[in-house]
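Spelled out from the first residue to the last, the chains are:
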Amino acid sequence: MKAFMSRYSYESVHLFLNQVAIGLFGMVLALSAGLTENDTLRTVTSVFSIIFFLFLHFTAMWKVGAQDRVSYDLGKLKKDYTIPVKMWLFANSLNFLLALLMSLGIWFDGVGVLDGIGAVATVIKLVIEGMYTGLLAIEVGGYPLNSYWFVHFLTTLPALAVVFTAYVLGFKNVTPAKLFGSSGNTGNKK
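Residues numbered from 1 in each chain as written. Predicted model: local features only at pLDDT ≥ 70, side-chain atom pairs only at ≥ 80, totals over all residues. Heavy atoms only, no water.

Asker: What exactly am I supposed to notice about the packing of aromatic side chains here?
Answerer: Two numbers describe a pair of aromatic rings. These are the distance of the centres and the angle of the planes. In the structure shown here, the tally under the stated rule is 14 aromatic pairs. Ring centres 6.0 Å apart and planes at 90° place the aromatic pair W149 and F150 in the edge-to-face group. Plain terms: the ring middles of Y167 and F171 are 6.2 Å apart, the flat faces sit at 25° to each other, and that makes the pair stacked. Of this pair, Y167 and F171 are both found in helix α8 (residues 157–171), four residues apart, which corresponds to roughly one turn of the helix. Assessed through its relative accessible area of 1%, F171 is described here as buried. The structure contains a cluster of three or more aromatic residues connected by ring pairs, namely Y72, Y81, F164, Y167 and F171. (Phe/Tyr/Trp six-rings, centres within 6.5 Å; stacked < 30°, edge-to-face > 60°. Helix = DSSP H or I, 4+ residues; strand = E, 2+ residues; numbered from the N terminus. Buried < 20%, exposed > 50% of the residue type's maximum accessible area, 1.4 Å probe, protein only.)

As structure tokens, then:
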């Protein structure tokens, strides 16, 4: 674990800081759209924020995968596709803790201390995962999505999919140009 932390802690913290920055951005957009009382605008701004967040994760993890491929080719590193999952777990550890505390607040609604802890966790989660605010305000079954405890754990799954995919593509040196069939050569042939 010490070797993992020394090699990947900076990038894992970078993933978390990207999340906080985009969370603030997404929260401001969702609150602004909410003030206009336009549900469609709120949802669209939330989706835009999530896509931007996932794009930042993709670029950061592609770079990590590409760097690990160089170390692998030099014989300094073994191929290990659990690395992006571990980085995702490290970067999302606060998200999981907050989701657990929010769930306790939801399960024990009206119980003084647990209700208060859930409320504080909700405010913190609103800031660091603000990009999901607009989507979590959508009503399903007569209640907004953010009132269902399990949704707060599910919001971390898109990041897992992107982090894993980007790392593997970076490790295999698959660029977006290669992925979509472009040779990347834009020059004129004579």
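There's more to say after this.
Asker: It is not clear to me how empty space enclosed by the protein should be interpreted in this structure. Could you clarify?
Answerer: If a probe as big as a water molecule is rolled over the atoms, it shows which places are left empty. In total, this model carries one cavity of 30 Å³ or more according to the counting rule given. When its volume is computed, the largest cavity comes out at roughly 40 Å³. Taken together, Q19, F53, N92, N95, E129, M131, Y132, T155, T156 and A159 make up the lining of the largest cavity. A per-class count over the lining of the largest cavity returns four nonpolar, five polar and one charged. (1 Å grid on protein atoms, 1.4 Å probe; cavity = no way out; pocket = protein on both sides within 12 Å on 5 of 7 lines; lining within 4 Å. Points joined across faces, edges and corners; volume = space filled by probe spheres on them. Nonpolar A, V, L, I, M, F, W, Y, C, P; charged D, E, K, R; others polar.)

Asker: Help me understand a nonpolar patch on the surface, please; the structure alone is not making it clear to me.
Answerer: A contiguous nonpolar patch, built from L100, I106, W107, F108, V111, W149, F150, L154 and L157 and spanning about 790 Å² of accessible area, is present on the exposed surface. By residue number, the principal contributor to the nonpolar patch is helix α4 (residues 93–107), which donates three residues. Inspection of the secondary structure puts F150 in the loop between β2 (143–144) and α7 (151–154). On the basis of relative accessibility, which here comes to 38%, the residue F150 falls in the partly exposed class. (Patch = residues over 30% accessible without salt bridge, like charges linked within 9 Å, V, L, I, M, F, W, Y side chains within 5 Å. Areas by Shrake-Rupley, 256 points an atom, 1.4 Å probe, with all protein chains shown as cover. Salt bridge = Lys/Arg side-chain N within 4 Å of Asp/Glu carboxyl O.)

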